[in-house]
Amino acid sequence: MQANNNIIIAGGGLAGLTCALHLRKAGFEVTVIEKNTYPQHKVCGEYISNEVLPYLQWLDADPGILQPKEITRLQISTVKGSQIECHLPLGGFGLSRAAFDHFLYSKALEKGCKILNEKILDIAYSSQGFSLKTDTATRQTPLLIGAFGKRSSLDKKLHRHFIDQKSPWLAVKAHYRGEFDDNLVALHNFRGGYCGVSKVETNLINICYLTAYDQFKKYQNMEDFQQQVLFRNKHLKHLFEHTELAFESPLSIAQICFEKKELVKDHILMIGDAAGLIHPLCGNGMGMAIHSAKICAELIIEQYGISDQLQLERNYSKQWKANFEQRMAFGKRLSSLLLNGALSDIAMSMLVRFPSILPQMIKRTHGQPLTILPSHD
Ligand SMILES: Cc1cc2nc3c(=O)[nH]c(=O)nc-3n(C[C@H](O)[C@H](O)[C@H](O)COP(=O)(O)OP(=O)(O)OC[C@H]3O[C@@H](n4cnc5c(N)ncnc54)[C@H](O)[C@@H]3O)c2cc1C
């Protein structure tokens, strides 16, 4: 690896921007290439675990300035409408992705990162480093970080394994006007999916649901699907009937995949969802995306110009697995349990009888507050 060269980060979502801020703080030249402009709404539950706060504060990017909603309670309901509630062990905050991503983008610019609004079309690696073809230029870098999210045209170009697998999930999200407790995040089950509800900084309610695509396509349209499927859960029926859509129309994304991904592909270090997406039911994808950015940045800072690329790749994969592999596996088991109709009812009645299990389950899908190594301070 050559020192003092510009590092390129492909994708400017939470993972890419956080990694850029961290590397810049350590004195690196960083370029983020992002195909979209900011601010931009994204399909997301918009509940962020507090575990990322110390790290964001250390990066001088405390989202508290955006006045997010402080969330301390979790409510879960079954299709049949029984409901349990618990205190969230670590808690979190409700902040729209449009505001959060835009805030990190502005911070990255302020700190001297370069951000290019270009779409990367292809990536090639040789002993000279990486060559990126974008829609307007060809760019070179000795070190490339892949932060292009859960599914990108680049995954196809890079022949990543997961891209050919069936991805049966669809997600829908919009903001609504209405009454909802500021400090609450609710997860309401329906047949074949679940719906997350919490408030964001604008005082609007973010409603985001994930469903099996096969089930969704049986219905004429979104409205029909919501009425026939979601409304069987009385809490969701009440929610939709007592709120008013604040978007022109809801946003949706299909082909969401929770399969394992390569952590390094063609020497690109993958961070955030590009490395793996935990089931959104666990409410911690953003925490993991930011945490993986931190691990990647720390290793680059430690090894840049000293050790070789392969060693960096091995160390990154090792640390990623040590931090996230068990969490991902638990999230997968938990989601298949809670999204399976009959099993979900049994699991929920167990939780109603033994409510102390719920905080334990949350802890297993979340990490500890992200601390900074003294050597990096
Ligand atoms: C339905 C659903 C609900 C969720 N709810 C929650 C929740 O409540 N809490 C939580 O913590 N997590 C949640 N998550 C997970 C969370 O949204 C992700 O983990 C998080 O967005 C990952 O950030 P990222 O930076 O890796 O990816 P992204 O935020 O997707 O950023 C990737 C960026 O790369 C850019 N890009 C892609 N291809 C190219 C290209 N070719 N050239 C240039 N740029 C490119 C994209 O435009 C994008 O901006 C949810 C996920 C889903 C699917």
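Higher on the page you've got the structure.
The paragraphs below set out a description of the structure included in this document. Within each chain, residue numbers correspond to sequence positions counted from 1 in written order. Owing to the predicted nature of the model, reporting of local features is limited to residues with pLDDT of at least 70; listing and counting of side-chain atom pairs is limited to 80 or more, with chain, interface and lining totals taken over all residues. Heavy atoms throughout the structure, all of them, feed into the side-chain values; hydrogens and water do not.

1. Structural notes on empty space enclosed by the protein
Buriedness for pockets is judged along seven lines, at least five of which must meet protein on both sides within 12 Å for an open set on the 1 Å grid over protein atoms alone, while cavities are sets there where a 1.4 Å probe fits but cannot get out, and lining residues have an atom within 4 Å of a point. Grid points are joined across faces, edges and corners, and a volume is the space filled by probe spheres set on the points. Counted according to the given criterion, the structure contains three cavities of 30 Å³ or more. Of the voids in this model, the largest cavity is the one considered here, and its volume is about 50 Å³. Lining the largest cavity are Gly272, Asp273, Gly276, Leu277, Ile278, Gly285, Met288, Ala289, Ser292 and Trp320. Runs of E in the DSSP output that reach at least two residues are strands. Runs of H or I that reach at least four are helices, and both are numbered from the N terminus. With four residues, helix 8 (residues 285-303) is the single largest residue contributor to the lining of the largest cavity. Taken together, the residues of the lining of the largest cavity break down into five nonpolar, four polar and one charged. Any residue that is not Ala, Val, Leu, Ile, Met, Phe, Trp, Tyr, Cys, Pro, Asp, Glu, Lys or Arg is counted as polar, Gly included; the first ten are nonpolar and the last four charged.

2. Section: the side chain of Gln75
Within the secondary structure layout, Gln75 lies in strand 4 (residues 69-77). Whenever a nitrogen or oxygen atom comes within 3.5 Å of another N or O atom, the pair is scored as a polar contact, on the condition that within protein one atom can donate a hydrogen and the other can accept it, and that pairs from neighbouring residues in sequence are kept only if both atoms are in side chains. One polar contact links Gln75 to Glu85, side chain to side chain, over a distance of 3.0 Å. When near neighbours in sequence (up to four residues on either side) are disregarded, Gln75 contacts Gln83, Ile84, Glu85, Leu184, Val185, Ala186 and Leu187. Pairs of residues are marked as contacts when any of their non-hydrogen atoms sit within 4.5 Å.

3. Description of the layout of surface pockets
What the second largest pocket holds in volume is close to 470 Å³. Around the second largest pocket sit 26 residues that line it, and Phe258, Glu259, Lys260, Met328 and Lys332 are the ones nearest its centre. With nine residues, helix 9 (residues 309-338) is the single largest residue contributor to the lining of the second largest pocket. The residue inventory of the lining of the second largest pocket, partitioned by class, reads 13 nonpolar, six polar and seven charged.

4. Describing the site of the ligand
Near, as used in this document, describes a residue that has one of its heavy atoms within 4 Å of the molecule or strand being considered. Taken together, 34 residues are adjacent to the ligand, and Glu34, Gly45, Tyr47, Arg97 and Asp273 come closest. Residue Glu34 places a side-chain N or O atom 2.7 Å away from an oxygen atom belonging to the ligand. Within the contact set of the ligand, an oxygen atom lies 2.8 Å away from a backbone nitrogen or oxygen of Met286. Only the protein chains shown count as covering a residue, and every accessible area follows the Shrake-Rupley method with a 1.4 Å probe. Protein contact buries 96% of the 1,000 Å² of open area that the ligand shows by itself. Secondary structure elements with two or more residues in the shell around the ligand: helix 1 (14-25), strand 2 (30-34) and helix 8. With three residues, the single largest contributor to the shell around the ligand is helix 8. By residue class, the composition of the shell around the ligand is 15 nonpolar, ten polar and nine charged.

5. Observations regarding the pairing of strand 11 (residues 169-177)
Only protein chains enter the accessibility calculation, which uses a 1.4 Å probe; a residue is then buried when its area is under 20% of its type maximum, exposed when over 50%, and partly exposed in between. In terms of residue burial, strand 11 counts as a mostly covered element, since eight of its nine residues are buried. The pairing of strand 11 with strand 14 (residues 205-212) spans eight bridges and is antiparallel. The residue bridging Val172 from the neighbouring strand is Tyr209, located in strand 14. DSSP calls a pair of strands paired once it identifies at least 2 bridges connecting them. As paired elements, strand 11 and strand 15 (residues 244-245) share two bridges and run antiparallel to each other. Considered in strand 15, the bridge of Tyr176 is made with Leu245.

6. Considerations on the environment of Ile7
Positionally, Ile7 belongs in strand 1 (residues 7-10). Sequence-wise, Ile7 and Leu90 are 83 residues apart; in three dimensions their C-alpha atoms are separated by 34 Å. Not counting residues up to four positions away in its chain, the partners in contact with Ile7 are Leu23, Phe28, Glu29, Val30, Thr31, Thr141, Leu143, Ile145, Ile300 and Tyr304.

7. Focus: helix 9
Over its 30 residues, helix 9 runs 41 Å from end to end, which matches the ideal 44 Å to within 8%, given 1.5 Å per residue. One axis fitted to the seven residues ending at a residue, another fitted to the seven starting there: the angle between these axes is the bend at that residue. Largest kink in helix 9: about 45 degrees, centred on Phe324. At the N-terminal boundary of helix 9, the capping side chain belongs to Asp308, with an oxygen 3.2 Å from the backbone nitrogen of Leu310. Multiplying 1.5 Å by the residue count of a helix minus one yields the expected span of that helix.

8. Quick notes on helix 3 (residues 97-110)
Along an α-helix, a turn takes 3.6 residues, which lines up residues three or four apart on a common side. Over its 14 residues, helix 3 extends 19 Å from the first C-alpha to the last, a length consistent with the 20 Å expected when each residue adds 1.5 Å. Those residues of helix 3 not exposed but buried are Arg97, Ala98, Ala99, Phe100, Asp101, Phe103, Leu104, Lys107 and Ala108. Where the residues of helix 3 are buried, they touch helix 1, strand 3 (47-49), helix 2 (53-58), strand 6 (114-117) and helix 8. Directly beyond the C-terminal end of helix 3, a positive phi value near 100 degrees is found at Gly112.

9. Considering the pattern of salt bridges
Whenever a carboxyl oxygen of Asp or Glu lies within 4 Å of a side-chain nitrogen of Lys or Arg, that contact is scored as a salt bridge. Tallied over the full model, the rule gives 20 salt bridges. Across the salt bridge formed by Arg160 and Asp155, the nearest N and O atoms sit 2.9 Å from each other. Here the two residues Arg160 and Asp155 agree in accessibility, since each one is buried. Here Lys237 makes a salt bridge to Glu241, at a shortest N to O gap of 3.2 Å.

10. Brief notes about the packing of helix 9 against helix 11 (residues 357-365)
Fitted lines through C-alpha atoms serve as axes, helices being fitted only where they are in contact, and the angles separating the N-to-C directions of these axes extend from 0 to 180 degrees. At a minimum axis distance of 8 Å, the contact between helix 9 and helix 11 shows a crossing angle of 135 degrees. Judged by the angle between their axes, helix 9 and helix 11 are oblique. Counted together, Arg327, Phe330, Gly331, Arg333 and Leu334 of helix 9 and Met361, Arg364 and Thr365 of helix 11 form the full contact between these two elements. Looking at the contact of helix 9 with helix 11, its residues break down into three nonpolar, two polar and three charged. Angular relationships are summarised with four words: roughly parallel below 35 degrees, roughly antiparallel beyond 145, roughly perpendicular across 65 to 115, and oblique for the angles in between.

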